Amino acid sequence: MTKLSVNINKIATLRNSRGGDVPNVVQFAKDAQRFGAEGITIHPRPDERHIRYQDAYDLKPEVYTEYNIEGNPIPKFIDLVIDIKPTQVTLVPDAEDAITSNAGWDTIKHKDFLIDVIKEFKNNGIRTSIFVDPDLHQIEGAKETGTDRIELYTEAFAHQFSLGNKDGIKPYMECAGLANTLDIGINAGHDLSLDNIKFFKENITGLLEVSIGHALIAESLYLGAEKVIKMYLDKLK
């Protein structure tokens, strides 16, 4: 069964839009785990427009499933992750002003940088994953960095699926096959939803974890978080 990690950034966005502490991100993380989520994901950005760096510390004692912290490995982020020591760190090459993640690493161009950063995290007992586009050359490059896992950037798949084009899964299947051959763990995320997650999971061999936030929170507005999380878990069996 593929693990479901719930990205709670949107809960923080809602909180920050009004000020105060409603909804409370720590309580939501606790509830999501109680509802069956097998991990909690956060993506703190330098401007703290959603998840704040303090949230990362507040969540640490309450996340008893897998704790995944995503972000661009700038010095402040590296220090945060090493201090907290989550289960996993996912490295994402997003610009500071990016609304959301919009591209994977060029693992060939940034090979030396990624090797150094990944080594530092692994020396601190933190599992590593890097965000990559579904490109075979980038998967090969990821292997050279020493990362434990990759996270396949699934926006292109989700877009094609929404248009009725199921062939959009093919590059992901090819990359998953190569990753399995190279003994790299496979995660996935971005625009995965109740509509497309079952098809994606059924076609990606060795899929270990999906990180889902925006769609899951939006779906929860209509159906409730507990029901939605259980629906995802059922589709990921």
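The residue numbers shown here count from 1 along each chain, following its written sequence. Residue-level local features of this predicted model are given only where pLDDT is at least 70; pairs of side-chain atoms are given and counted only at 80 or more, and the full residue set underlies all totals for whole chains, interfaces and linings. For side-chain calculations, the full set of non-hydrogen atoms in the structure is used, while hydrogens and water are omitted.

Named according to an unreviewed UniProt entry, the protein is Pyridoxine 5'-phosphate synthase originating from Winogradskyella aquimaris. Quoted verbatim from the Subunit (unreviewed entry) heading of the UniProt record, the comment on the protein is "Homooctamer; tetramer of dimers." Taken from UniProt, the Function (unreviewed entry) comment for the protein reads in full: "Catalyzes the complicated ring closure reaction between the two acyclic compounds 1-deoxy-D-xylulose-5-phosphate (DXP) and 3-amino-2-oxopropyl phosphate (1-amino-acetone-3-phosphate or AAP) to form pyridoxine 5'-phosphate (PNP) and inorganic phosphate." UniProt positions are given in the numbering used here, feature names are shortened, and annotations may be inferred rather than shown by experiment.

Visitor: Residues and numbers for the UniProt feature "site: Transition state stabilizer" (unreviewed entry) in the protein, please.
Guide: UniProt marks Glu151 with the feature "site: Transition state stabilizer" (unreviewed entry), using the numbering shown here. Looking at the secondary structure, you find Glu151 in strand β6 (residues 149-153). With near-sequence residues (within four places) excluded, Glu151 lies in contact with Glu70, Thr90, Ser129, Ile130, Phe131, Val132, Asn187, Ala188 and Gly189. Secondary structure follows DSSP: runs of H or I at least 4 residues long count as helices, runs of E at least 2 residues long count as strands, and numbering of each begins at the N terminus. When checking whether two residues touch, look at their non-hydrogen atoms; a contact exists if any pair is within 4.5 Å.

Visitor: Account for the pairing of strand β8 (residues 207-212), naming residues and giving values.
Guide: For β8, the buried fraction is high: 5 of the 6 residues fall into the buried class. Whether two strands pair depends on DSSP finding at least two bridges between them. Summarising the sheet, strand β1 (residues 3-7) and β8 pair through 4 bridges and their orientation is parallel. In the sheet register, Lys3 faces β8, and the bridge partner there is Glu209. Note that strand β7 (residues 185-189) and β8 share 4 bridges and pair parallel. Residue Asn187 lies in a different strand from β8, and its bridge partner there is Glu209. Clockwise travel from the first strand over the helix to the second, with the strands pointing away from the viewer, marks a crossover as right-handed. Of the crossover connections in this fold, the one passing from β7 over helix α9 (residues 197-203) to the parallel β8 is right-handed. Only protein chains enter the accessibility calculation, which uses a 1.4 Å probe; a residue is then buried when its area is under 20% of its type maximum, exposed when over 50%, and partly exposed in between.

Visitor: Let's hear about helix α8 (residues 170-181): which residues, and what values?
Guide: Multiplying one less than the number of residues by 1.5 Å gives the expected span of a helix. With 12 residues, α8 should reach 16 Å at 1.5 Å per residue; the first-to-last C-alpha distance of 17 Å fits that figure. Downstream of α8 by one or two residues, Asp183 has phi in the positive range, about 65°.

Visitor: I'd like a rundown of the pattern of salt bridges, residues and numbers included.
Guide: What counts as a salt bridge is simple: a side-chain nitrogen of Lys or Arg found within 4 Å of a carboxyl oxygen of Asp or Glu. Taken as a whole and assessed by the stated rule, the structure comprises 12 salt bridges. Salt-bridge contacts for Asp47 lead to Arg49; the nearest nitrogen and oxygen are separated by 2.9 Å. Residue Asp47 is classed as partly exposed on the basis of its relative accessible area of 45%. Sharing partners across several salt bridges, the network here consists of Lys3, Glu66, Arg127, Arg149 and Glu209.

Visitor: Hey, could you go over the environment of Thr65 for me, with residue numbers and the actual values?
Guide: Of note, Thr65 is situated in the loop between α3 (53-59) and β3 (66-71). A relative accessible area of 21% places Thr65 in the partly exposed class. Taking the C-alpha atoms as reference points, Thr65 and Glu38, separated by 27 residues in sequence, lie 5.5 Å from one another. Once residues lying within four places of it in the same chain are set aside, the contact partners of Thr65 are Gln33, Ala37, Glu38, Gly39, Ile40 and Thr87.

Visitor: Would you mind going over the environment of Thr128 in detail, with residue names and values included?
Guide: Here Thr128 shows up in strand β5 (residues 127-132). Assessed through its relative accessible area of 0%, Thr128 is described here as buried. Measuring from C-alpha to C-alpha, the distance between Thr128 and Gln88 comes to 5.6 Å, with 40 residues separating the pair along the chain. Not counting residues up to four positions away in its chain, the partners in contact with Thr128 are Val89, Ile118, Phe121, Lys122, Gly146, Thr147, Asp148 and Arg149.

Visitor: Report on the packing of helix α10 (residues 214-223) against helix α11 (residues 225-235), specifying residues and quantitative values.
Guide: Close contact between α10 and α11 brings their axes to 7 Å; oriented N to C, the two are set at 125°. Considering the angle they form, α10 stands oblique to α11. At the point where α10 passes α11, the crossing takes the right-handed sense. Between α10 and α11, the residues in contact are Ala215, Leu216, Glu219, Ser220 and Leu223 and Ala225, Lys227, Val228, Ile229, Met231 and Tyr232, respectively. Class assignment of the residues belonging to the contact of α10 with α11 gives a composition of 8 nonpolar, 1 polar and 2 charged. Axis angles are defined between N-to-C directions and span 0 to 180 degrees, where every axis is a line fitted to C-alpha atoms and, for a helix, only to the segment in contact. An angle counts as roughly parallel when it lies under 35 degrees, as roughly antiparallel when it exceeds 145, as roughly perpendicular when it falls between 65 and 115, and as oblique in every other case. The sense of a crossing depends on the near helix, which, turned anticlockwise from the far helix by less than a right angle, makes the crossing left-handed and, turned clockwise, makes it right-handed. Basically, the charged four are Asp, Glu, Lys and Arg, the nonpolar ten are Ala, Val, Leu, Ile, Met, Phe, Trp, Tyr, Cys and Pro, and anything else, Gly included, counts as polar.

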